[in-house]
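Notes for the structure review
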Amino acid sequence: MKFIKELKTLKLKKFLLITLAGIINAFGITMFLSPVNLYDSGISGTSMLLERITPEFMSLSLFLVLLNIPLFIFGYKRLGTAFTVYAIYSVIVYSLSAWVINDILPIDVSVSSPFAGQDLLLCSLFGGVISGLGSGLTIRAGGAMDGIEVMAVIFAKKLGLTVGTFVMIYNVALYLLCGIIFQSWILPLYSVVTYCAALKTVDFMVEGIDRAKAAMIVTVNPEEVCRAVMSAFGTGATTIEAKGGYSNSPRTVVYFVVNRFQIGRLRSIVQEADPTAYVTISDVADIFKANN
């Protein structure tokens, strides 16, 4: 029953977005990275390595499916039905798109990039940005393009690592292995550039160009502070009852979200409403309504 109920939450617009994301990701990999033997990160990069060291019929598309889908299924109980379905679909689209570009379209991607030739810097930067764009769109749609991120969510905490550190260790090990196998460090080093470019692009796609800021205002005049900030910015605020740890006197925490351009104005408004208020500012990764 739970499985059927979660299947009903799947949305067509997310499948359409993931379809676009898979095509974009495949474009970046096949048009910029694979032709010059650069490597993507995670399972995608592993698949590119395996393609190079196995018989010709063992293609990138085949390894993407063989390696990713079992990992998504393994993480099903932890991450839920909707995520698993979206993730498997994204890998299938990515794999099929890579196959079409490599084997169907009349484009020669066997020895150089159709756009950047054999310029490793251009290929690594644009390949990373474009593949990161595809991965970021997939994450925004509620899925994932790479199974290693699923393994990071499941095992990182058990190993005493953050998810980001787990993924980074995997990728460093992958690039070291590539260097050892082919006795050359030029391509693995340029692949690090690809990884960094993709990582920043994913952050941009998921969090947006103007990352929001959360202000927590500890005040003894919550009504004045709330009235002032809501009037100035035209949005709501949330109050949380608290108590001073040193004074043991009652306090109120006003939680308010602004963008980075509004911080200076917020500081002036709070100072005028309550000169004794204590304000902390932190980054907000995303803002959404639960019913959206």
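Notes on the structure follow. Remember, it's a predicted structure, so these values are computed and weren't measured experimentally. (Residues numbered from 1 in each chain as written. Predicted model: local features only at pLDDT ≥ 70, side-chain atom pairs only at ≥ 80, totals over all residues. Heavy atoms only, no water.)

1. Quick notes on the packing of helix α2 (residues 12-33) against helix α6 (residues 81-104)
Running from N to C, α2 and α6 point in directions that differ by 40 degrees, and their axes come no closer than 8 Å. With respect to α6, the element α2 is oriented oblique. The crossing of α2 and α6 is right-handed. Each of Lys 14, Phe 15, Ile 18, Thr 19, Gly 22, Ile 23, Asn 25, Ala 26, Phe 27, Ile 29, Thr 30 and Met 31 in α2 lies in contact with α6, whose residues at this interface are Val 85, Tyr 86, Tyr 89, Ser 90, Val 93, Tyr 94, Ser 97, Ala 98, Ile 101 and Asn 102. Counted by class, the contact of α2 with α6 contains 14 nonpolar, seven polar and one charged residues. (Axes fitted to C-alpha atoms, helices over the stretch in contact; angles between N-to-C directions. Helix = DSSP H or I, 4+ residues; strand = E, 2+ residues; numbered from the N terminus. Parallel < 35°, antiparallel > 145°, perpendicular 65-115°, else oblique. Left-handed = near helix turned anticlockwise from the far one by under 90°. Contact = heavy atoms within 4.5 Å. Nonpolar A, V, L, I, M, F, W, Y, C, P; charged D, E, K, R; others polar.)

2. Digging into the packing of helix α3 (residues 42-53) against helix α9 (residues 163-182)
Between α3 and α9, the least distance of the axes is 10 Å, while the angle of their chain directions is 15 degrees. If you check the angle between α3 and α9, you find them roughly parallel. For the crossing formed where α3 meets α9, the hand is left-handed. Note on element contacts: α9 touches α3 through Tyr 170, Asn 171, Leu 174, Leu 177, Cys 178, Ile 181 and Phe 182, opposite Gly 42, Ile 43, Gly 45, Thr 46, Leu 49, Arg 52 and Ile 53. Partitioned by chemical class, the residues of the contact of α3 with α9 number nine nonpolar, four polar and one charged.

3. Considering the pairing of strand β2 (residues 238-243)
Pairing of β2 with strand β3 (residues 250-258) involves six bridges; the strand directions are antiparallel. Across the sheet, residue Ile 240 finds its bridge partner in β3, namely Val 253. A loop of six residues connects β2 with β3, the two strands running antiparallel in sequence, and Asn 248 in this loop sits at a positive phi of about 60 degrees. (Pairing = 2+ DSSP bridges.)

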